[in-house]
Amino acid sequence: MYWKKWYRECVLCPRECRADRLNGGKGFCRQTAELRVARAALHFWEEPCISGTRGSGTVFFTGCHLGCIFCQNHQISQEGYGESISVTRLAEIFMELQEEGAHNINLVSASHYTPQIAEALRIARKKGLAIPVVYNTSGFEKVDTLKLLDGWVDIYLTDFKFMDPALSKKYAYEEGYSFYAMKALDEMVRQVKDPVFDASGMMEKGVIVRHLVLPGASMDSRKIIKYLYETYGDHIYMSIMNQYTPVRTFQHYPELNQSVKKKVYENIIRYALNLGVEQAFIQEGGTVRESFIPDFDGKGVKAKRDHTI
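Residues numbered from 1 in each chain as written. Predicted model: local features only at pLDDT ≥ 70, side-chain atom pairs only at ≥ 80, totals over all residues. Heavy atoms only, no water.

Points about the overall build of the protein chain
As a reminder of what qualifies: Numbering of helices and strands runs from the N terminus; a helix is a DSSP stretch of H or I covering at least four residues, while a strand is a stretch of E covering at least two. The buried label goes to any residue with under 20% of its type's maximum accessible area, the exposed label to any with over 50%, and the partly exposed label to all in between, with areas taken from a 1.4 Å probe on protein chains only. Two residues form a contact once any of their heavy atoms are found within 4.5 Å. To measure how exposed things are, a 1.4 Å probe is used in the Shrake-Rupley method; for residues, cover is taken only from the protein chains shown. We count Lys and Arg on the positive side and Asp and Glu on the negative side, and we leave His and both chain ends out. Positions of charges follow a simple convention, taking NZ of Lys, CZ of Arg, CG of Asp or CD of Glu.
When helices and strands are tallied, the protein chain shows 9 helices and 10 strands. Per-residue burial for the protein chain yields a buried fraction of 58% across its 309 residues. Counted over contacts in the protein chain with a minimum sequence separation of 6, partners at least 24 positions apart contribute 73%. Roughly 13,500 Å² of accessible area belongs to the protein chain as shown, and the carbon and sulfur atoms make up 49% of that amount. Averaging the positions of the 39 positive and the 37 negative side-chain charges in the protein chain gives two centres separated by 2 Å.

What about the pattern of salt bridges?
Rules: The salt bridge definition used is simple: a Lys or Arg side-chain nitrogen within 4 Å of an Asp or Glu carboxyl oxygen.
Following the criterion strictly, the structure yields 17 salt bridges and no others. Here Lys170 and Glu255 are joined by a salt bridge, their closest N and O atoms 3.0 Å apart. Of this pair, Lys170 sits in helix 6 (residues 165–172) while Glu255 sits in the loop between strand 9 (237–241) and helix 9 (262–275); the two residues are 85 residues apart in sequence, bridging distant segments of the chain. For Lys170, a relative accessible area of 36% gives the class partly exposed. Lys226 is paired through a salt bridge with Glu230; the nearest N and O atoms lie 2.9 Å apart. Taken together, the residues Lys226 and Glu230, both in helix 8 (residues 218–232) and 4 residues apart, mark about one turn of the helix. Lys226 sits in the partly exposed class, given a relative accessible area of 34%. Here the salt bridges share partners, and the residues they tie into one network are Glu46, Glu47 and Arg210.

Points about the side chain of Ser178
Relative to the helices and strands, Ser178 is located in helix 7 (residues 177–192). The contacts of Ser178, once residues within four sequence positions are left out, are Phe160, Phe162 and Met163.

Let's talk about the nonpolar core
To keep it simple, the criterion reads: We call a set of buried Ala, Val, Leu, Ile, Met, Phe, Trp, Tyr and Cys residues a nonpolar core when their side-chain atoms join them within 4.5 Å.
Within the largest apolar cluster, 81 residues are counted, with the highest numbers of intra-cluster contacts made by Val59, Phe61, Phe70, Phe94, Leu107 and Leu228. Setting aside residues no more than four positions away along its own chain, Leu228 makes contact with Phe160, Leu185, Val209, Gly233, Ile236 and Met238. Residues Ile50, Val134, Ile155 and Tyr237 belong to the second largest nonpolar core, which totals 9 residues.

Points about helix 3 (residues 87–99)
Let me state the cut-off plainly: Expected span of a helix, by definition, is 1.5 Å for each gap between consecutive residues, and there is one gap fewer than residues.
Counted at 1.5 Å a residue, the expected span for helix 3 with its 13 residues is 18 Å, and the 19 Å between its end C-alpha atoms agrees. The element helix 3 is largely enclosed, with a buried count of 10 among its 13 residues. Within the sequence span of helix 3, burial applies to Val87, Arg89, Leu90, Ala91, Glu92, Ile93, Phe94, Met95, Glu96 and Leu97. Where the residues of helix 3 are buried, they touch strand 1 (36–43), strand 2 (56–61), strand 4 (105–108) and helix 4 (114–126).

A look at the UniProt feature "domain: Radical SAM core" (unreviewed entry) in the protein chain
Counted only if it meets this: UniProt positions are given in the numbering used here, feature names are shortened, and annotations may be inferred rather than shown by experiment.
With numbering matched to this structure, UniProt assigns "domain: Radical SAM core" (unreviewed entry) to residues 59–193. What you have in residues 59–193 is 43% helix and 14% strand, and the ends, taken at the C-alpha atoms, are 24 Å apart.

Regarding the packing of helix 8 against helix 9
For clarity, the cut-off: Fitted lines through C-alpha atoms serve as axes, helices being fitted only where they are in contact, and the angles separating the N-to-C directions of these axes extend from 0 to 180 degrees. By the definition adopted for this analysis, an angle is roughly parallel if under 35 degrees, roughly antiparallel if over 145, roughly perpendicular if from 65 to 115, and oblique otherwise. Whether a crossing is left-handed or right-handed is set by the direction in which the near helix is turned from the far one by less than a right angle, anticlockwise for left-handed and clockwise for right-handed. All residues other than Ala, Val, Leu, Ile, Met, Phe, Trp, Tyr, Cys, Pro, Asp, Glu, Lys and Arg, Gly among them, are scored as polar; the first ten of these are nonpolar and the last four charged.
The contact between helix 8 and helix 9 brings their axes to 10 Å, and the two run at 25°. One way to sum up the angle between helix 8 and helix 9 is to call them roughly parallel. Like other packed secondary-structure pairs, helix 8 and helix 9 cross with a definite hand, here right-handed. Across the interface between the two elements, Ser218, Ser221, Arg222, Ile225, Lys226 and Tyr229 from helix 8 touch Val264, Asn267, Ile268, Tyr271, Ala272 and Leu275 from helix 9. Looking at side-chain class alone, the contact of helix 8 with helix 9 contains 7 nonpolar, 3 polar and 2 charged residues.

Quick notes on the UniProt feature "binding site: [4Fe-4S] cluster" (unreviewed entry) in the protein chain
Here the UniProt-annotated "binding site: [4Fe-4S] cluster" (unreviewed entry) positions come out as Cys64, Cys68 and Cys71. Along the polypeptide, Cys64 turns up in the loop between strand 2 and helix 2 (74–77). If sequence neighbours within four positions are ignored, Cys64 has contacts with Phe28, Cys29, Ser77 and His112. Examined against the element boundaries, Cys68 turns out to sit in the loop between strand 2 and helix 2. Looking at Cys68, the relative accessible area reads 5%, which means it is buried. Filtering out sequence-adjacent residues up to four positions away, Cys68 remains in contact with Gln78, Lys161, Phe162, Tyr171 and Ala172.

Describing unusual backbone geometry
For Arg30, which is not a glycine, the phi torsion comes out positive at approximately 70°. Positionally, Arg30 belongs in the segment before strand 1. Under the relative-accessibility criterion, Arg30 is labelled partly exposed at 38%. Positive phi outside glycine occurs at Tyr173, with the angle close to 55°.

Set out below in structure tokens:
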């Protein structure tokens, strides 16, 4: 189990907390080296080229090394919902999702388990995993960690949350977010190259960069869109989202206690179009609702039958 060495003094993420996760220590991600998953099921709320008609085989991992205060998946990122499983069981889950008809395997907030995930993918590929693998991340990544996934991941579905260091420090306690997100995105594009789609419009390879518009932060959204378009042009797709949902009341951040106004979002989309952006997904009215947030009830995590890989 070569992957164990990565957890003795953990520096997998940019925070480099050096926790001994292998022996029970918890990193900033709130997790030891014990692999924990909160849900593994078909998911229909991703971009159309990811969810398709049959759903994305989505695996939600417990914990997060970024820790945005407004996280919509706070039950798993901050409250620890999830079941402990083995690397072998994770490989089984990938195979089961493929058998259920998933268009792809979608790994959500998996960064702090990257070495185990690479091993599980190696096992599953040997056993016939043939659908694309999507790495669904906050964008706060180290290039060296992403290199562990080179050849295993087909699609990077990454966030670019903040450009302004003051904003990322305020909402995620990390003023270096944009620096790392830029470096990480370079590596993602290097690995999977330009977007490739099959005959039905499903993505087979490529990078989609998501940006969630936050209330009161429209200027930062413009800076991010401008940077992405001027740096990558048509080598990536963007996904500009209006689905921010206040999941609780923020006493010290009153601006977060509201959704993004329709006109604000429309102005941001108009800005992107004026720049020349054409390869982008946008969201129409009515997307701000908790249907985007699944139940983290352990569905699909425990073994369905007595078998081994």
